[in-house]
Amino acid sequence: MAARKRYMTLLALAAAAAAFYALNVLTPLYADDYSYVFTFEYAEEKFRITNLSQLFYSQLNHYMVMNGRTVAHTLAQLFLMWGKPVFNVINTAAFLLLGWAMQALMTGGRRFRLAYFLLGLALLWLCTPAFGQDFLWLTGSCTYLYCVLLTLLYLVPFRRALEGEDRRGAARALLFLPFGVLAGWTSENAAAAMIGMQLLFILALAAQKRPLRAWMFTGLAGTLCGFALMLLAPGQAARLEGTGGFGGLSDWLHRALSISGCAALYLWLPALLFAAAAAIKLRQARRFELREWLPTGIFLLGSRASAYSMAASSMFPARAWSCVVIYTAITV
């Protein structure tokens, strides 16, 4: 029975990998891909990036004049330097890793749960309004798939700590500082929601009188530093100014109403699944146990934060909804 289950798991993973790899192969380079092939460094003429030194100076200038998403766009220029065939393979592995991280956050355990893995991928396929732009387009994948993947991997230890796993150690505390910087320096709404969720995880652990470890706070410091590096980039200020700025209270309210309308359009299926599952859970339970609902509550608030934090931006393109869909799928 165990061998058959292992065989079915491997078969399902292979099928998912093959399908996603085929979609990657069928997706050409387009749009911003042709800009990121070339350096952003000031030069008499733009040249193709062919080595890491050129990539470094390109991203240094990109940070000053374009935007603060250095992690995402460093990956984009790295993949463009290596070539599309290399990207197709690595992107397929990253998508499967995204599914693994989603199911790990759903369960909080170390055992791989194929049903949750497949549920997560199915909800991404059905609910992401710009699936190709978020997961197949090279520059888009680096901005959305890889960025939200970093935030999920960062949150997995917090989720497991809430389930009772108690990890400590100086090495872990040291590693979580740069890990936090990378996770915070991803994309605006994904990182903002992640920072809020890690604070909620820490508060939940403290409320249950569970041990708080050093890695949680070095990681928190790292995420705040990474988030600041992204938002305070000179290029980010120029980008914001060019798109209308933060706006005022009336602008935020108008944008929040628009976000609510889009949420109803994009997220009706997970909302329906959530309502049905919650009703069944409450009916079967003899009494309401707050501890059992803590992870659900944290990701519910996180998914809403990832959406409504975009009220501070004059633009909320459909492709920026991918992290909202992912956090919502985990909530379900």
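Structure: see above.
Please read all numbers here as calculations on a predicted model, not as lab measurements.

Caption draft 1: Region of the structure containing the packing of helix α10 (residues 170-184) against helix α12 (residues 214-231). At a minimum axis distance of 6 Å, the contact between α10 and α12 shows a crossing angle of 25 degrees. As the angle between them shows, α10 and α12 are arranged roughly parallel. Crossing angle aside, the handedness with which α10 passes α12 is right-handed. Residues R172, A173, F176, L177, G180, V181 and G184 of α10 form the contact with α12, whose participating residues are A214, W215, T218, G219, A221, G222, T223, C225, G226, F227, L229 and M230. Taken together, the residues that form the contact of α10 with α12 break down as 11 nonpolar, seven polar and one charged.

Caption draft 2: Structural detail: the packing of aromatic side chains. Summed over the entire model, instances satisfying the criterion amount to 23 aromatic pairs. Each ring, one from F56 and one from Y57, has its centre 5.2 Å from the other, and the planes form 80 degrees; the classification is edge-to-face. Taken together, a centroid distance of 6.1 Å and an interplanar angle of 70 degrees make the contact between F201 and F299 edge-to-face. Highlighted residues: F201 in helix α11 (residues 188-207) and F299 in helix α16 (residues 290-308), separated in sequence by 98 residues. For F201, a relative accessible area of 0% gives the class buried. Among the aromatic residues, ring-to-ring pairing joins Y154, F158, F176, F179, F201, W215 and F299 into one connected group. Of note, R172 hangs over the ring of W215, and the distance from its end group to the ring centre comes to 4.7 Å.

Caption draft 3: Structural detail: the environment of L80. As for its placement among the helices and strands, L80 is situated in helix α4 (residues 70-82). C-alpha separation for the pair L80 and A17, spaced 63 residues apart in sequence, amounts to 22 Å. Not counting the four nearest positions on each side in its chain, L80 is found in contact with L29, D33, Y36, V37 and L138.

Caption draft 4: A look at the pattern of salt bridges. Going through the model one piece at a time under the given rule, you end up with seven salt bridges. A salt bridge links E188 to R69; the nearest nitrogen and oxygen atoms lie 2.7 Å apart. Of this pair, E188 sits in helix α11 while R69 is found in the loop between α3 (52-65) and α4, placing the two residues 119 residues apart along the sequence. For the residue pair E188 and R69, the accessibility class agrees, reading buried in each case. When the shortest N-O distance is used, the salt bridge between R110 and E165 registers 2.9 Å. Taken as a pair, R110 in the loop between α5 (84-107) and α6 (114-127) and E165 in the loop between α9 (145-162) and α10 lie far apart in primary sequence, 55 residues in all. Residue R110 is classed as exposed on the basis of its relative accessible area of 51%.

What counts, and at which threshold
Residues numbered from 1 in each chain as written. Predicted model: local features only at pLDDT ≥ 70, side-chain atom pairs only at ≥ 80, totals over all residues. Heavy atoms only, no water. Axes fitted to C-alpha atoms, helices over the stretch in contact; angles between N-to-C directions. Helix = DSSP H or I, 4+ residues; strand = E, 2+ residues; numbered from the N terminus. Parallel < 35°, antiparallel > 145°, perpendicular 65-115°, else oblique. Left-handed = near helix turned anticlockwise from the far one by under 90°. Contact = heavy atoms within 4.5 Å. Nonpolar A, V, L, I, M, F, W, Y, C, P; charged D, E, K, R; others polar. Phe/Tyr/Trp six-rings, centres within 6.5 Å; stacked < 30°, edge-to-face > 60°. Buried < 20%, exposed > 50% of the residue type's maximum accessible area, 1.4 Å probe, protein only. Lys NZ or Arg CZ within 6 Å of the ring centre and 35° of its normal. Salt bridge = Lys/Arg side-chain N within 4 Å of Asp/Glu carboxyl O.

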